[in-house]
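Inside the fold
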Amino acid sequence: MSQNNNRVVKASEIDLKERVVAIKRVAKVVKGGRRFSFSAIVVVGDGNGTVGYGLGKANEVTDAIAKGIDDAKKNLVKVPIYHHTVPHAIEGKYSGGFVLVKPAAAGTGVIAGGAMRAVFESAGIKDVLAKSKGSSNPHNVVKATFDALIKMRDPLAVAQQRGVSLQKVFNG
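Keep in mind the model is a prediction, meaning the values are calculated, not measured.

A contiguous nonpolar surface patch, about 200 Å² in accessible area, is contributed by Val20, Ile23 and Val61. With respect to the helices and strands, isoleucine 23 occurs in strand β1 (residues 17–30).

Bring the parts together and some accessible area is lost; that lost area is often taken as the interface size. By domain assignment, the protein separates into domain 1 (17–77) and domain 2 (81–171). On a C-alpha basis, the centroid separation for the pair domain 1 and domain 2 is 23 Å. Contacts between the two partners involve 18 residues from domain 1, matched on the other side by 15 residues from domain 2. In total, about 1300 Å² of surface goes out of reach between domain 1 and domain 2, with carbon and sulfur atoms giving 76% of it. Of all residues in domain 1, Arg19, Ile41 and Tyr53 give up the largest surface area on contact with domain 2, accounting jointly for 38% of the area buried on that side. The interface formed by domain 1 and domain 2 includes one salt bridge. Where domain 1 packs against domain 2, one counts three residue pairs in polar contact (both at pLDDT 80 or more). Residues of the side of domain 1 that touches domain 2, tallied by class, amount to nine nonpolar, seven polar and two charged.

Here the focus is helix α4 (residues 155–162). Among all positions in α4, only Pro155, Val158 and Ala159 are buried. End-on, the buried residues of α4 take up no more than an arc of 100°, which puts them together on one face. Exposed positions of α4 whose direction lies more than 90 degrees from the buried face are Leu156, Gln160 and Gln161. Summarising the contacts, the buried residues of α4 are in contact with α5 (166–171). In the stretch just after α4, glycine 163 is the one whose phi turns positive, near 75°.

About the criteria used
Residues numbered from 1 in each chain as written. Predicted model: local features only at pLDDT ≥ 70, side-chain atom pairs only at ≥ 80, totals over all residues. Heavy atoms only, no water. Patch = residues over 30% accessible without salt bridge, like charges linked within 9 Å, V, L, I, M, F, W, Y side chains within 5 Å. Areas by Shrake-Rupley, 256 points an atom, 1.4 Å probe, with all protein chains shown as cover. Salt bridge = Lys/Arg side-chain N within 4 Å of Asp/Glu carboxyl O. Helix = DSSP H or I, 4+ residues; strand = E, 2+ residues; numbered from the N terminus. Domains from an automatic or database assignment. Contact = heavy atoms within 4.5 Å. Buried area = accessible area lost by both parts, 1.4 Å probe. Polar contact = N/O pair within 3.5 Å; in protein donor to acceptor, adjacent residues only side chain to side chain. Nonpolar A, V, L, I, M, F, W, Y, C, P; charged D, E, K, R; others polar. Buried < 20%, exposed > 50% of the residue type's maximum accessible area, 1.4 Å probe, protein only. Arc of directions from axis to C-beta.

Below is the structure:
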């Protein structure tokens, strides 16, 4: 996990665009009946490799979204991007959610489900193939996608570590 420490980014240094992934009405059963509140999962990103997610809960939708944005700004990570796509194929897992992320040729676009699409577009990944397996719960899918993106290795760092050129890393 020591390699992930250098990927943490400060929210004050960059301008972020937020995207709401899901809003759910949740109920707490109390003596007098049900008390309703709202839960929102939000993804923020600068479109240039920095992305984060957050969960907000409040009695009003706008407050829940605002709390989610604040939480997302506290959990920003830097994602390696190579030619507007991910550097290599990888699987991510969180709880019951599994995601498969593969690089795509230029012009392919973001081929991914709703919760994953928000993460990739916020990160600035323009060409990617992704499949969500297992849980379709947006919370699990977003967290599994982040697991996959955090496990990505930067191709330049791999080339330096191996002592070979970038072309040799990709072409063998």
